[in-house]
Amino acid sequence: MNVKIESSWKGALQCEFDKPYFKTLTDFVREEYRSHTIYPPAPEIFNAFNLTPLSDVKVVIIGQDPYHGPHQAHGLCFSVNEGIAIPPSLRNIYKERENDLGIPYTQNGSLIHWAQQGVFLLNATLTVKASQAGSHQKKGWETFTDAVIKTISDKKEKVVFILWGAYAQKKSALIDQSKHLILKAVHPSPLSANRGGFFGTKPFSKTNTFLEENQLTPIQW
(Lines give C-alpha, C1' and ligand atoms only; values in the text may rest on other atoms or scores of the structure.)
Protein backbone atom coordinates (compact mmCIF):
# COMPACT_ATOMS: atom_id res chain seq x y z
CA MET A 1 0.00 0.00 0.00
CA ASN A 2 1.27 3.48 -0.87
CA VAL A 3 1.04 5.57 2.30
CA LYS A 4 1.98 9.26 2.28
CA ILE A 5 4.53 9.46 5.06
CA GLU A 6 8.09 10.75 5.51
CA SER A 7 10.53 8.65 3.45
CA SER A 8 12.65 7.14 6.25
CA TRP A 9 9.51 5.93 8.01
CA LYS A 10 8.04 4.70 4.74
CA GLY A 11 11.05 2.50 4.12
CA ALA A 12 11.14 1.17 7.67
CA LEU A 13 7.39 0.47 7.90
CA GLN A 14 6.55 -0.68 4.36
CA CYS A 15 6.15 -4.25 5.59
CA GLU A 16 3.38 -3.04 7.95
CA PHE A 17 1.65 -1.07 5.20
CA ASP A 18 1.53 -4.23 3.10
CA LYS A 19 -0.14 -6.39 5.77
CA PRO A 20 -3.86 -7.21 5.54
CA TYR A 21 -4.69 -5.54 8.87
CA PHE A 22 -3.41 -2.20 7.60
CA LYS A 23 -5.65 -2.31 4.53
CA THR A 24 -8.63 -3.11 6.78
CA LEU A 25 -7.64 -0.22 9.05
CA THR A 26 -7.23 2.18 6.12
CA ASP A 27 -10.64 1.23 4.71
CA PHE A 28 -12.23 1.82 8.13
CA VAL A 29 -10.52 5.19 8.63
CA ARG A 30 -11.42 6.43 5.15
CA GLU A 31 -15.07 5.57 5.68
CA GLU A 32 -15.05 7.29 9.08
CA TYR A 33 -13.68 10.50 7.55
CA ARG A 34 -16.39 10.34 4.89
CA SER A 35 -19.20 9.77 7.38
CA HIS A 36 -18.22 11.61 10.57
CA THR A 37 -16.10 14.39 12.01
CA ILE A 38 -12.74 12.77 12.76
CA TYR A 39 -9.63 14.23 14.38
CA PRO A 40 -6.94 15.12 13.55
CA PRO A 41 -7.57 16.45 10.02
CA ALA A 42 -6.66 13.67 7.57
CA PRO A 43 -3.46 15.35 6.27
CA GLU A 44 -2.14 15.46 9.86
CA ILE A 45 -2.64 11.79 10.83
CA PHE A 46 1.10 11.10 10.34
CA ASN A 47 2.29 14.51 11.57
CA ALA A 48 4.55 12.98 14.25
CA PHE A 49 6.31 10.91 11.59
CA ASN A 50 6.64 13.77 9.13
CA LEU A 51 8.04 16.19 11.72
CA THR A 52 10.43 13.64 13.28
CA PRO A 53 12.09 11.34 10.72
CA LEU A 54 13.26 7.98 12.07
CA SER A 55 16.87 9.06 11.70
CA ASP A 56 16.24 12.04 14.02
CA VAL A 57 14.40 10.24 16.84
CA LYS A 58 16.08 10.80 20.22
CA VAL A 59 13.10 10.76 22.57
CA VAL A 60 9.74 8.98 22.36
CA ILE A 61 6.67 10.11 24.32
CA ILE A 62 3.67 7.80 24.05
CA GLY A 63 0.07 8.93 24.39
CA GLN A 64 -3.10 6.90 23.97
CA ASP A 65 -5.63 8.84 21.87
CA PRO A 66 -5.83 12.12 19.96
CA TYR A 67 -7.83 14.92 21.57
CA HIS A 68 -11.45 14.67 20.46
CA GLY A 69 -12.46 18.36 20.62
CA PRO A 70 -12.52 20.86 17.73
CA HIS A 71 -9.16 22.21 16.49
CA GLN A 72 -7.12 20.44 19.22
CA ALA A 73 -5.51 17.36 17.68
CA HIS A 74 -2.82 17.79 15.05
CA GLY A 75 -1.06 14.45 15.07
CA LEU A 76 1.28 14.92 18.06
CA CYS A 77 0.45 13.36 21.42
CA PHE A 78 -0.32 15.84 24.24
CA SER A 79 0.12 18.76 21.80
CA VAL A 80 -2.58 21.15 20.59
CA ASN A 81 -2.60 23.72 17.84
CA GLU A 82 -1.29 27.15 18.74
CA GLY A 83 -4.05 29.40 20.06
CA ILE A 84 -6.08 26.52 21.53
CA ALA A 85 -6.65 26.33 25.30
CA ILE A 86 -4.08 24.09 26.96
CA PRO A 87 -5.61 20.76 28.07
CA PRO A 88 -5.19 19.65 31.71
CA SER A 89 -2.56 16.94 31.03
CA LEU A 90 -0.36 19.32 29.05
CA ARG A 91 -0.81 21.95 31.76
CA ASN A 92 0.69 19.48 34.24
CA ILE A 93 3.50 18.59 31.82
CA TYR A 94 4.36 22.30 31.62
CA LYS A 95 4.22 22.58 35.44
CA GLU A 96 6.68 19.71 35.78
CA ARG A 97 8.92 21.26 33.11
CA GLU A 98 8.96 24.49 35.12
CA ASN A 99 9.74 22.58 38.34
CA ASP A 100 12.45 20.56 36.61
CA LEU A 101 14.15 23.11 34.36
CA GLY A 102 12.82 26.50 35.43
CA ILE A 103 11.20 27.13 32.03
CA PRO A 104 8.26 29.50 32.59
CA TYR A 105 4.75 28.24 31.92
CA THR A 106 3.58 29.15 28.42
CA GLN A 107 0.13 29.58 26.88
CA ASN A 108 1.28 27.96 23.62
CA GLY A 109 0.25 24.30 23.62
CA SER A 110 1.98 23.35 20.38
CA LEU A 111 4.87 20.90 20.84
CA ILE A 112 6.07 21.15 17.24
CA HIS A 113 9.36 22.62 18.50
CA TRP A 114 9.93 19.40 20.46
CA ALA A 115 9.13 17.23 17.43
CA GLN A 116 11.56 19.17 15.25
CA GLN A 117 14.37 18.38 17.69
CA GLY A 118 13.82 14.62 17.67
CA VAL A 119 11.02 14.14 20.22
CA PHE A 120 8.67 11.63 18.60
CA LEU A 121 5.18 12.34 19.96
CA LEU A 122 3.28 9.13 19.23
CA ASN A 123 -0.32 8.34 20.07
CA ALA A 124 -1.08 4.62 20.16
CA THR A 125 -4.28 5.37 18.23
CA LEU A 126 -3.85 7.96 15.48
CA THR A 127 -7.49 8.97 14.87
CA VAL A 128 -10.65 9.54 16.91
CA LYS A 129 -14.31 10.42 16.30
CA ALA A 130 -15.35 13.89 17.50
CA SER A 131 -16.47 13.91 21.16
CA GLN A 132 -15.95 10.14 21.49
CA ALA A 133 -12.72 9.33 23.30
CA GLY A 134 -11.32 5.92 22.39
CA SER A 135 -13.71 5.47 19.47
CA HIS A 136 -10.96 4.25 17.10
CA GLN A 137 -9.22 1.95 19.55
CA LYS A 138 -8.89 -1.74 18.68
CA LYS A 139 -9.31 -1.09 14.95
CA GLY A 140 -5.68 -1.79 14.04
CA TRP A 141 -3.85 1.38 15.00
CA GLU A 142 -2.33 -0.24 18.09
CA THR A 143 -0.89 -3.07 15.98
CA PHE A 144 0.72 -0.46 13.75
CA THR A 145 2.07 1.78 16.52
CA ASP A 146 3.42 -1.22 18.44
CA ALA A 147 5.40 -2.05 15.30
CA VAL A 148 6.60 1.57 15.19
CA ILE A 149 7.87 1.39 18.78
CA LYS A 150 9.63 -1.91 18.11
CA THR A 151 11.17 -0.47 14.92
CA ILE A 152 12.64 2.43 16.90
CA SER A 153 13.94 0.05 19.56
CA ASP A 154 15.51 -2.28 16.99
CA LYS A 155 16.97 0.26 14.58
CA LYS A 156 18.08 3.02 16.95
CA GLU A 157 20.56 3.33 19.83
CA LYS A 158 20.31 5.37 23.05
CA VAL A 159 16.72 6.59 22.72
CA VAL A 160 14.81 7.86 25.77
CA PHE A 161 11.27 6.44 26.05
CA ILE A 162 9.04 8.50 28.35
CA LEU A 163 6.11 6.34 29.46
CA TRP A 164 3.45 8.20 31.42
CA GLY A 165 0.61 6.11 32.83
CA ALA A 166 -0.17 2.40 32.89
CA TYR A 167 -1.17 2.22 29.22
CA ALA A 168 2.11 3.67 27.96
CA GLN A 169 4.14 1.64 30.44
CA LYS A 170 2.85 -1.61 28.94
CA LYS A 171 4.78 -0.64 25.80
CA SER A 172 8.05 -1.21 27.67
CA ALA A 173 7.75 -4.88 26.61
CA LEU A 174 8.52 -3.72 23.04
CA ILE A 175 11.68 -1.84 24.01
CA ASP A 176 15.21 -3.22 24.36
CA GLN A 177 16.14 -1.86 27.78
CA SER A 178 19.77 -2.87 27.36
CA LYS A 179 20.37 -0.04 24.88
CA HIS A 180 17.64 2.51 25.61
CA LEU A 181 16.51 4.50 28.67
CA ILE A 182 12.92 4.12 29.89
CA LEU A 183 11.49 6.79 32.21
CA LYS A 184 8.19 5.87 33.86
CA ALA A 185 5.72 7.96 35.85
CA VAL A 186 2.00 8.18 36.44
CA HIS A 187 -0.08 9.90 33.77
CA PRO A 188 -0.04 13.72 33.83
CA SER A 189 -3.85 13.96 33.85
CA PRO A 190 -5.12 15.76 36.99
CA LEU A 191 -6.78 12.58 38.25
CA SER A 192 -3.44 10.76 38.33
CA ALA A 193 -0.87 13.52 38.74
CA ASN A 194 -2.51 15.10 41.77
CA ARG A 195 -2.40 11.77 43.62
CA GLY A 196 1.39 11.82 43.36
CA GLY A 197 3.99 10.13 41.21
CA PHE A 198 4.21 12.63 38.38
CA PHE A 199 5.41 15.91 39.84
CA GLY A 200 9.04 15.78 40.87
CA THR A 201 10.02 12.96 38.51
CA LYS A 202 12.21 15.34 36.43
CA PRO A 203 11.84 13.61 33.04
CA PHE A 204 13.22 16.57 31.09
CA SER A 205 16.53 16.91 32.93
CA LYS A 206 16.95 13.12 33.12
CA THR A 207 16.43 12.89 29.37
CA ASN A 208 18.99 15.58 28.63
CA THR A 209 21.54 14.07 31.01
CA PHE A 210 21.25 10.73 29.22
CA LEU A 211 21.54 12.35 25.78
CA GLU A 212 24.59 14.34 26.79
CA GLU A 213 26.23 11.27 28.33
CA ASN A 214 25.84 9.59 24.93
CA GLN A 215 27.21 12.56 22.94
CA LEU A 216 23.77 13.59 21.67
CA THR A 217 22.44 17.14 21.58
CA PRO A 218 20.03 17.79 24.47
CA ILE A 219 16.46 18.92 23.82
CA GLN A 220 15.53 22.57 24.20
CA TRP A 221 12.34 21.88 26.10
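Residues numbered from 1 in each chain as written. Predicted model: local features only at pLDDT ≥ 70, side-chain atom pairs only at ≥ 80, totals over all residues. Heavy atoms only, no water.

### A look at the overall build of the protein
Then, number 1: Helix and strand counts for the protein come out as 9 helices and 6 strands.
Then, number 2: For 221 residues, the compact-globule estimate of 2.2 N^0.38 gives 17 Å, and the C-alpha radius of gyration of the protein, at 17 Å, lies within 12% of that figure.
Then, number 3: Seen through its C-alpha atoms, the protein measures out along the principal axes to roughly 45 × 35 × 25 Å.
Then, number 4: Of the contacts made within the protein by residues no fewer than 6 positions apart, 64% connect residues no fewer than 24 positions apart.
Then, number 5: Surface summary for the protein: the accessible area is close to 10000 Å², and the carbon and sulfur share equals 52%.
Then, number 6: In the protein, 24 positive and 20 negative side-chain charges are present, and the distance between their average locations comes to 4 Å. (Helix = DSSP H or I, 4+ residues; strand = E, 2+ residues; numbered from the N terminus. Rg over C-alpha atoms; globule rule 2.2 N^0.38 Å. Contact = heavy atoms within 4.5 Å. Areas by Shrake-Rupley, 256 points an atom, 1.4 Å probe, with all protein chains shown as cover. Lys, Arg positive; Asp, Glu negative; His and termini not counted. Charge placed at Lys NZ, Arg CZ, Asp CG, Glu CD.)

### A closer look at the layout of surface pockets
Gaps between atoms show up when a probe of the same size as a water molecule is rolled over them.
Then, number 1: The computed volume of the largest pocket comes to approximately 550 Å³.
Then, number 2: Gln64, Asp65, Pro66, Tyr67 and His187 are the residues nearest the centre of the largest pocket, which is lined by 30 residues in total.
Then, number 3: Listing elements by their share of the lining of the largest pocket, those giving two or more residues are strand 2 (59-63), helix 4 (88-101) and helix 7 (166-169).
Then, number 4: With 3 residues, the top contributor of residues to the lining of the largest pocket is helix 7. (1 Å grid on protein atoms, 1.4 Å probe; cavity = no way out; pocket = protein on both sides within 12 Å on 5 of 7 lines; lining within 4 Å. Points joined across faces, edges and corners; volume = space filled by probe spheres on them.)

### Re the sheet that holds strand 5 (residues 160-164)
Then, number 1: In spatial order, the strands read 3-2-5-6; together these 4 strands make up an open sheet with parallel pairing. In the strand order of this sheet, the two ends are held by strand 3 (119-123) and strand 6 (181-185), each with one partner. Sheet twist, expressed as the mean angle between neighbouring strand axes with direction ignored, is 20°.
Then, number 2: One ladder, built from 3 bridges, connects strand 2 with strand 5; its direction is parallel. Residue pairing across strands places Val60 opposite Phe161, the latter belonging to strand 5. (Pairing = 2+ DSSP bridges. Axes fitted to C-alpha atoms, helices over the stretch in contact; angles between N-to-C directions.)

### Observations concerning helix 2 (residues 20-35)
Then, number 1: Between the first and last C-alpha of helix 2 there are 23 Å, a value that for 16 residues agrees with the 22 Å anticipated at 1.5 Å per step.
Then, number 2: Every buried residue belonging to helix 2 is among Phe22, Leu25, Thr26, Val29 and Glu32, and all of these are buried. Along the long axis of helix 2, the arc covered by the buried residues comes to 130°, so they all point the same way. Looking at helix 2, the residues exposed on the side facing more than 90 degrees away from the buried face are Pro20, Thr24 and Arg34.
Then, number 3: Residues of helix 2 that are buried make contact with helix 1 (7-17), strand 1 (38-39), strand 4 (128-129) and helix 6 (141-155). (Expected span 1.5 Å × (residues − 1). Buried < 20%, exposed > 50% of the residue type's maximum accessible area, 1.4 Å probe, protein only. Arc of directions from axis to C-beta.)

### Examining the packing of helix 1 against helix 6
Then, number 1: At a minimum axis distance of 11 Å, the contact between helix 1 and helix 6 shows a crossing angle of 135°. Relative to helix 6, the element helix 1 is oriented oblique. The element helix 1 and its partner helix 6 pack so that their crossing is right-handed. Residues Trp9, Ala12, Leu13, Glu16 and Phe17 of helix 1 pack against Phe144, Ala147, Val148, Thr151, Ile152 and Lys155 of helix 6.
Then, number 2: Here the contact of helix 1 with helix 6 is composed, by residue class, of 8 nonpolar, 1 polar and 2 charged. (Parallel < 35°, antiparallel > 145°, perpendicular 65-115°, else oblique. Left-handed = near helix turned anticlockwise from the far one by under 90°. Nonpolar A, V, L, I, M, F, W, Y, C, P; charged D, E, K, R; others polar.)

### Overview of unusual backbone geometry
Then, number 1: The omega torsion across Tyr39 and Pro40 is -5°, close enough to zero to call that bond cis.
Then, number 2: Checked against the element boundaries, Pro40 lands in the loop between strand 1 and helix 3 (47-51).
Then, number 3: Located in the positive-phi region is Lys158, a residue other than glycine, with phi close to 55°.
Then, number 4: You can see Lys158 is positioned in the loop between helix 6 and strand 5.
Then, number 5: For Gln215, which is not glycine, the phi dihedral falls at a positive 60°.
Then, number 6: Residue class for Gln215 comes out exposed when judged on its relative accessible area of 69%.

So yeah, pure geometry; function would need other evidence.
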